[in-house]
Amino acid sequence: MKVAVIKEAAPWERRVALVPEGVAKLCGAGLEVLTEAGAGDRSWLADEAYAEAGATVLARDELLAAADALLMVGPPDARVTAALRPGQLVIGLLAPLTSPDLVATAAKAGVTAVSLDLLPRTLPRAQPMDALSSQASIAGYKAAVLAAGEFGRFFPLLITAAGTARPAKVLVLGAGVAGLQAIGTARRLGAVVTGYDVRPAARAEVESLGATFLELTSVGPAAGEGGYARELTGEERQAQQDELAGHIGRHDVVITTAQVPGRRPPVLVSADALKEMAAGSVVVDMGASDLGGNVAGSAVDQTIVTENGVTVIGAGRLPSSMPAAASAMYSRNISSLLLYLVKDGELALDLSDDLQAGVVVTRDGSVVHPALATPAGGAADVDGAAD
Ligand code: NAD
């Protein structure tokens, strides 16, 4: 099996799907690895390092023509999708729940599309493949560091001859993988940290990191399926925003990480809440995406300063800003999944296996994932941009 690593499509993407360590692992398992020239450049990984690890470095067209499997981080661009061949395997964070066009294209092309973001993460054997967690963990760390860098005062309590600085008050909204990492990092930097989530299970995790758990009286527990949060009703959303506004105004830094799989991220920091914050406060919106964000008015990869002097950073692409760490972890995730799907050097799919059934989106010209397939085998209506 020839496994190819392509250069990422998105202009802002600095990660690469496989690092040289992963090349050596796949070659050791009897696979042949091809890498696109320059694939690792933006993660400071030279073609020579890939070649030394056992890969053959090729130009894109040659690579696409030879590949049995394509490994990527984000979804492929039009040039790659146009070159897909029946039977090819495509693995990446394909965001199928919010990309019905890509799902339909993959089915039409007859490729086997496998998406890491659909991995059943609670299965113990899925842990080494959990790219959502590895990347969220990086993002949470970077969000806290970014906030500290932008904040015009100290995070820790500092007693000096020139006076005493009180510690920063940091509020983290959404305490999943990213939120907990942001909480831990802000705590290590010396801030006084509060965490909030709609899942009741988050309380113990927040408190175990030495932070205070914020409980709202107006919104009840909202745990959904598979350990995720459920989407709140319109009434709950409004009550949550209103009650959070008072708490937000009492903090110097707010980091938001709230997501609901396949849906538009909930707005937790309203325009009114931003007005409650003091000049010099910093808000990092990790939920910022093309679907919208957790903070009113935030936009992905943009920093805005409100009229009352609050800096709002739309930081939806943080893993890409730490490409060396993010690529190394992603490489372990994707190579573990690939080796799980391969036997004796060939793809050996078994959709009676719950892990495999969880990640395989299309196969033999049909959409096969239960969350996406229609009875006719076409792509379901998967517009994730809920109101
Ligand atoms: P996520 O990225 O989907 O969402 C981030 C956080 O936002 C979640 O904690 C969610 O509860 C919260 N959230 C959503 N809507 C909210 C709202 N309106 N207000 C406040 N908070 C809101 O979540 P994630 O980090 O991917 O983790 C989701 C769950 O999966 C967690 O329970 C996590 O512990 C679990 N998980 C388990 C494993 C495992 O079992 N090995 C691995 C990874 C994650």
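Per chain, the residues get numbers from 1 upward, laid out in the order the sequence is written. A pLDDT threshold of at least 70 governs which residues receive local features in this predicted model, and a stricter bar of 80 or more applies before side-chain atom pairs are shown or counted, although totals over entire chains, interfaces and linings include all residues. Side-chain numbers here rest on the full set of heavy atoms in the structure, without hydrogens or water.

1. Here's the deal with the side chain of Glu236
Move 1: Structurally, Glu236 is set in helix H9 (residues 234-248).
Move 2: Here a polar contact is recorded for every N or O atom pair within 3.5 Å, except that within protein the pair must consist of a potential hydrogen donor and a potential acceptor, and residues adjacent in sequence are included only if both atoms are side-chain atoms. In this structure the side chain of Glu236 is engaged in a polar contact, spanning 2.8 Å, whose partner is the backbone nitrogen of Thr233.
Move 3: The contact definition used throughout considers only heavy atoms, calling two residues in contact when any of these lie within 4.5 Å. Excluding anything up to four places from it in sequence, Glu236 contacts Val219 and Arg230. What counts as a helix is a DSSP run of H or I of at least four residues, what counts as a strand is a run of E of at least two, and both are numbered from the N terminus.

2. Here's the deal with the environment of Trp12
Move 1: For Trp12, the position within the fold is in the loop between strand S1 (2-5) and helix H1 (20-28).
Move 2: Between buried and exposed lies partly exposed: a residue is buried under 20% and exposed over 50% of the maximum accessible area for its type, with that area taken using a 1.4 Å probe on protein chains only. Judged by relative accessible area, Trp12 falls into the partly exposed class, the value being 34%.
Move 3: Setting aside residues no more than four positions away along its own chain, Trp12 makes contact with Asp301, Arg317 and Ser320.

3. A closer look at empty space enclosed by the protein
Move 1: A cavity here means a set of 1 Å grid points, computed over protein atoms only, where a 1.4 Å probe fits but cannot escape. A pocket is an open set with protein on both sides within 12 Å along at least 5 of 7 lines, and lining residues have an atom within 4 Å of a point. Grid points are joined across faces, edges and corners, and a volume is the space filled by probe spheres set on the points. Summed over the entire model, instances satisfying the criterion amount to 1 cavity of 30 Å³ or more.
Move 2: As a volume, the largest cavity reaches approximately 110 Å³.
Move 3: In terms of lining, the largest cavity is formed by 14 residues, of which the most central are Val90, Leu94, Leu102, Ala106 and Ala113.
Move 4: A total of 4 residues in the lining of the largest cavity trace back to one element, the largest contributor, which is helix H5 (residues 100-109).
Move 5: Under the convention adopted here, Pro, Cys and the residues Ala, Val, Leu, Ile, Met, Phe, Trp and Tyr are nonpolar, Asp, Glu, Lys and Arg are charged, and Gly plus all remaining residues are polar. Partitioned by chemical class, the residues of the lining of the largest cavity number 11 nonpolar, 3 polar and no charged.

4. Considering the environment of Ala245
Move 1: Looking at where Ala245 falls in the secondary structure, it is placed in helix H9.
Move 2: Put simply, Ala245 and Ala273 are 28 residues apart on the chain and 4.3 Å apart in space, counted from C-alpha to C-alpha.

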